[in-house]
Amino acid sequence: GPAFRDRAQSVWRRLMSFAPGGPLCEMFAADPSLSNPQALAIEDIVAPDKGMVTVVELDGVDIVNRKFVVGTLVCALWRYGQFYGDGVFDYGGKGPGLYVFLEEGQEILGSETGDDQATKTARSSLWEAQFRRARSLGMHYVLCVQTPSLIPSGIMANIGTVLCHRIPEKADKDVIAAQFNWANMIGQHIREIRYLGEQPVGFCVARLEPQQHFWEAAPVMVKVEPNEALVEPPEEWLVAHNTRK
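Residues numbered from 1 in each chain as written. Predicted model: local features only at pLDDT ≥ 70, side-chain atom pairs only at ≥ 80, totals over all residues. Heavy atoms only, no water.

*Asks:* Quick rundown of unusual backbone geometry? Include the residues and the values.
*Replies:* Even without being glycine, Y91 reaches a positive phi, approximately 55 degrees. Mapped onto the fold, Y91 is located in the loop between α3 (63-84) and β1 (98-102). Overall, Y91 belongs to the partly exposed group, its relative accessible area being 48%. The backbone of E104 shows a phi angle near 55 degrees, a positive value even though the residue is not glycine. With respect to the helices, strands and loops of the structure, E104 is situated in the loop between β1 and α4 (105-109). Classification of E104 as partly exposed rests on a relative accessible area of 24%. (Helix = DSSP H or I, 4+ residues; strand = E, 2+ residues; numbered from the N terminus. Buried < 20%, exposed > 50% of the residue type's maximum accessible area, 1.4 Å probe, protein only.)

*Asks:* An account of the environment of W182 is requested, with residue identities and associated values reported.
*Replies:* Tracing the backbone through its elements, the reader meets W182 in the loop between α7 (170-179) and α8 (190-195). Using a relative accessible area of 12% as the deciding quantity, one classes W182 as buried. Non-local contacts of W182, meaning those with residues more than four positions away in its chain, are made with A177, H189, E192, I193, L196, V205 and P219. (Contact = heavy atoms within 4.5 Å.)

*Asks:* Residue-level account of the pattern of salt bridges, with values.
*Replies:* Considering all chains together, one arrives at four salt bridges under this definition. Linking D174 and K170 is a salt bridge whose minimum nitrogen-to-oxygen distance equals 2.9 Å. Here K170 and D174 lie together in helix α7, a separation of four residues that amounts to about one turn. A residue is classified by how much of its surface remains accessible, and D174, at 34% relative accessible area, is partly exposed. On the basis of relative accessible area, K170 is assigned to the exposed category, the value being 59%. Between E198 and R194 there is a salt bridge, and its shortest N-O distance comes to 2.7 Å. By relative accessible area, E198 is classed as partly exposed at 43%. (Salt bridge = Lys/Arg side-chain N within 4 Å of Asp/Glu carboxyl O.)

*Asks:* Got a sec to walk through helix α5 (residues 117-137)? Specific residues and values, please.
*Replies:* Since one α-helical turn is 3.6 residues long, residues separated by three or four positions face the same way. The end-to-end C-alpha distance of α5 is 30 Å, a good match for the 30 Å that 21 residues give at a rise of 1.5 Å each. Remark: the principal bend of α5, roughly 35 degrees, maps to F131. Along α5, the positions that sit buried rather than exposed are R123, S124, W127, Q130, F131, A134 and L137. Where the residues of α5 are buried, they touch α3, β1, α4, β2 (139-143) and α6 (153-156). G138 lies just past α5 and shows a positive phi near 95 degrees. (Expected span 1.5 Å × (residues − 1). Bend = angle between axes of the 7 residues up to and from the residue.)

*Asks:* I'd like a description of the side chain of D90, backed by residues and values.
*Replies:* Among the structural elements, D90 can be located in the loop between α3 and β1. Not counting residues up to four positions away in its chain, the partners in contact with D90 are G95, P96, G97, L137 and G138.

*Asks:* Talk me through the environment of A41; I want residue IDs and the actual numbers.
*Replies:* With respect to the secondary-structure elements, A41 resides in the loop between α1 (2-16) and α2 (42-45). Sequence separation of A41 and L77 is 36 residues, and the distance between their C-alpha atoms is 10.0 Å.

*Asks:* Which residues make up the packing of α3 against α5, and what are the values?
*Replies:* The N-to-C vectors of α3 and α5 enclose an angle of 40 degrees; their axes lie 11 Å apart at closest approach. One way to sum up the angle between α3 and α5 is to call them oblique. The interaxial crossing formed by α3 with α5 has left-handed handedness. Touching K67, V74, C75, W78, G81 and Q82 of α3 are R123, W127, A129, Q130, R133, A134 and L137, all from α5. Residue classes in the contact of α3 with α5 are distributed as seven nonpolar, three polar and three charged. (Axes fitted to C-alpha atoms, helices over the stretch in contact; angles between N-to-C directions. Parallel < 35°, antiparallel > 145°, perpendicular 65-115°, else oblique. Left-handed = near helix turned anticlockwise from the far one by under 90°. Nonpolar A, V, L, I, M, F, W, Y, C, P; charged D, E, K, R; others polar.)

*Asks:* Requested: an account of the sheet that holds strand β4 (residues 203-207), with residues and values cited.
*Replies:* Strand order across the open sheet formed by three strands is β3-β4-β5, with antiparallel pairing between neighbours. The strands lining the two open edges of the sheet, one partner per strand, are β3 (162-164) and β5 (220-223). Going from strand to strand, the sheet's axes swing by 30 degrees on average, the running direction of each strand aside. Alignment of β4 against β5, held across four bridges, turns out to be antiparallel. Bridge pairing in β5 links V205 to M221. (Pairing = 2+ DSSP bridges.)

Below is the structure:
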């Protein structure tokens, strides 16, 4: 019926993006033959012993293909780790591991992405499984979001370190308050929750991984200041102080 036709057309359009001349033809490609590999392998973009950094820039790509590319790449990393077993990315806990940064994460795995319910459910299940078990492989996800309330609760429940800059929306404040274990009952932590929306630029509230003592686990306020030795002063300052070389 019409629903199947629309789904088939959607799949066809996505496949055509990778055809010769398509917008993503240079991003993913099949090998010409099994004996002539040309496409990138996991070892080409991830090498824990070399300290490689791989940046996948998808600016300008529509959200549907953006989710497809990021999801495909991350699932490939995940399957690679599952195949080789625990500790594959961090030498059994002896190395720093593999860090996967997801910028604007709410667009990739958030709840308001325009997909049907079945797609949202499947996507959430896949991401939740990865966030829950990735650490044993030596993988660490760094989720950068502006609206944490859109991230599925199963993913938020598996996040250790939290760095929160200013957030104005109540729904987002509630999610962060839960991450900080700030119970908003009988007036508890009202001041702290309110301050999440009043932080000046350059400040954040941080909660690290669980600690042995509750004093060490309490959220702390952090002021971020650039290192003056690494920052070039403005031209007018150099002229005024007669320090221009």
